[in-house]
Amino acid sequence: MEKNQRRLDAGFMSKHFPEVAKIVINMIYNQQGNRTVRRTLNFYPGSYAFFRVDCLSDDCVNGGFEMSGIINSMIRNHSETSNGELGCDDSGPRPDHANIVYEVAIQYAQ
Ligand SMILES: [Zn+2]
């Protein structure tokens with residue numbers, strides 16, 4: 001619920017980043033001793049500019065991966081690719097928080 005609201009509040013990509021044609025986030029989740037999951041997220045001008053990705057832990061409430069800062073600075077610098085690793089924002093007691101290895105690719109319209 002609350003998350004849907006935050007997504008709506010974020011507004012559209014076309015409004016915030018009119019120069020961007022497409023953003024692709026490729027991620028590999030690693031969850032401790034458990035599983036490796038690949039996920040690809042695509043964002044278009046009509047998508048919500050909401051770049052927060054969920055953790056894999058079922059009980060993770062406040063965690064996840066905030067990609068907004070990375071994406072904002074890439075767009076500011078007009079850079080096309082970036083990669084790195086992120087740990088879950090929530091450093092709570094759950095042992096099964098995930099971390100991700102990500103690769104972001106941005107295509108510009110202009
Ligand atoms: Zn987590």
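Enquirer: It is not clear to me how the coordination of the zinc ion should be interpreted in this structure. Could you clarify?
Expert: By definition of the ideal shapes, a tetrahedral metal site with four donors has angles of 109.5 degrees and an octahedral site with six donors has angles of 90 or 180 degrees. Each protein donor to the zinc ion is listed here as C55 (SG), C60 (SG), C88 (SG) and H97 (ND1); together their distances run 2.0 to 2.4 Å. The coordination sphere of the zinc ion comprises four donor atoms, whose angles at the metal cover 102 to 119 degrees; the geometry is tetrahedral. Sequence positions of the donors to the zinc ion reduce to the motif C-x4-C-x27-C-x8-H. With a gap of 28 residues between them, C60 in the loop between β3 (52–53) and β4 (65–66) and C88 in the loop between β5 (81–87) and β6 (98–108) connect regions that are remote in the sequence. C88 matches C60 in its accessibility class, with the two residues each being buried.

Enquirer: Just checking my understanding: could you explain unusual backbone geometry for this structure?
Expert: Most peptide bonds are trans, and most residues other than glycine sit at a negative phi. Of note in this structure, H78 is not a glycine but carries a positive phi near 55 degrees. If you trace the backbone, H78 turns up in the loop between α3 (68–76) and β5. With relative accessibility at 42%, the residue H78 sits in the partly exposed group.

Enquirer: So what exactly am I meant to see when it comes to the packing of aromatic side chains here?
Expert: Pairs of aromatic rings are described using the distance from one ring centre to the other and the angle between the two planes. A complete count under the given rule lists four aromatic pairs for this structure. Considering the side-chain rings of Y29 and F65, the 6.1 Å spacing of their centres and the 65 degrees angle between planes classify their relative orientation as edge-to-face. Of the two residues, Y29 is situated in strand β1 (residues 20–31) and F65 in strand β4; the sequence distance between them amounts to 36 residues. Judged on exposure class, the residue Y29 and its partner F65 are both buried. Aromatic pair F43 and F51: ring centres 4.9 Å apart, planes at 70 degrees, arrangement edge-to-face. Members of the aromatic cluster, connected to one another through ring pairs, are F17, F43 and F51.

Enquirer: Explanation requested: α3 in the structure shown.
Expert: Since the α-helix packs 3.6 residues into each turn, any two residues three or four apart lie on the same face. Of all the positions in α3, only I70, I71, M74 and I75 are classed as buried. Taken down its axis, α3 places every buried residue within 125 degrees of arc, on the same side. Where α3 is buried, its residues contact β1, β5 and β6. Looking one or two places after α3, you find H78, whose phi comes out positive at around 55 degrees.

Enquirer: Honestly, the pattern of salt bridges in this entry has me stumped. Any pointers?
Expert: Side chains carrying opposite charge are able to pair once their charged atoms draw close together. All told, the structure shown has two salt bridges when counted by the stated rule. Between R52 and E66 there is a salt bridge, with the nearest N and O atoms lying 3.3 Å from each other. With a gap of 14 residues between them, R52 in strand β3 and E66 in strand β4 connect regions that are remote in the sequence. For E66, a relative accessible area of 33% gives the class partly exposed. Across the pair D89 and R52 runs a salt bridge whose closest N-O atoms are separated by 3.1 Å. On the criterion of sequence distance, the pair formed by D89 in the loop between β5 and β6 and R52 in strand β3 is long-range, its members being 37 residues apart. Of the residues examined, D89 reaches a relative accessible area of 45% and is grouped as partly exposed. A network of salt bridges, in which partner residues are shared, links R52, E66 and D89.

Here is what the cut-offs are and how they apply
- Residue positions within a chain follow its written sequence, with the count starting from 1.
- Totals for whole chains, interfaces and linings use every residue, but because this is a predicted model, local features are given only for residues with pLDDT of at least 70 and side-chain atom pairs only at 80 or more, for both listing and counting.
- With hydrogens and water excluded, all non-hydrogen atoms of the structure serve as input to the side-chain values.
- Each metal's donors comprise the N, O and S atoms found within 2.8 Å of it (within 3.2 Å for Na, K or Ca). Water is not part of the atom list, so some coordination spheres may appear incomplete.
- Every angle between 85 and 135 degrees makes a four-donor site tetrahedral, while opposite donors more than 155 degrees apart, with all other angles between 65 and 115, make a four-donor site square planar and a six-donor site octahedral; other sites are irregular.
- Elements are defined by DSSP. Helices are runs of H or I of four residues or more, strands are runs of E of two residues or more, and each kind is numbered from the N terminus.
- We call a residue buried when its accessible area falls under 20% of the maximum for its residue type, exposed when it is over 50%, and partly exposed in between, using a 1.4 Å probe and counting protein chains only.
- Ring pairs shown here join Phe, Tyr and Trp side chains whose ring centres sit within 6.5 Å, with only the six-membered ring taken for Trp; geometry is labelled stacked below 30 degrees between planes, edge-to-face above 60, and tilted in between.
- What the arc measures is the spread of directions leading from the helix axis to the C-beta atoms.
- Contacts are residue-level and defined by heavy atoms, with any inter-residue pair within 4.5 Å sufficient.
- Note on definitions: salt bridges are taken to be side-chain nitrogens of Lys or Arg within 4 Å of carboxyl oxygens of Asp or Glu.

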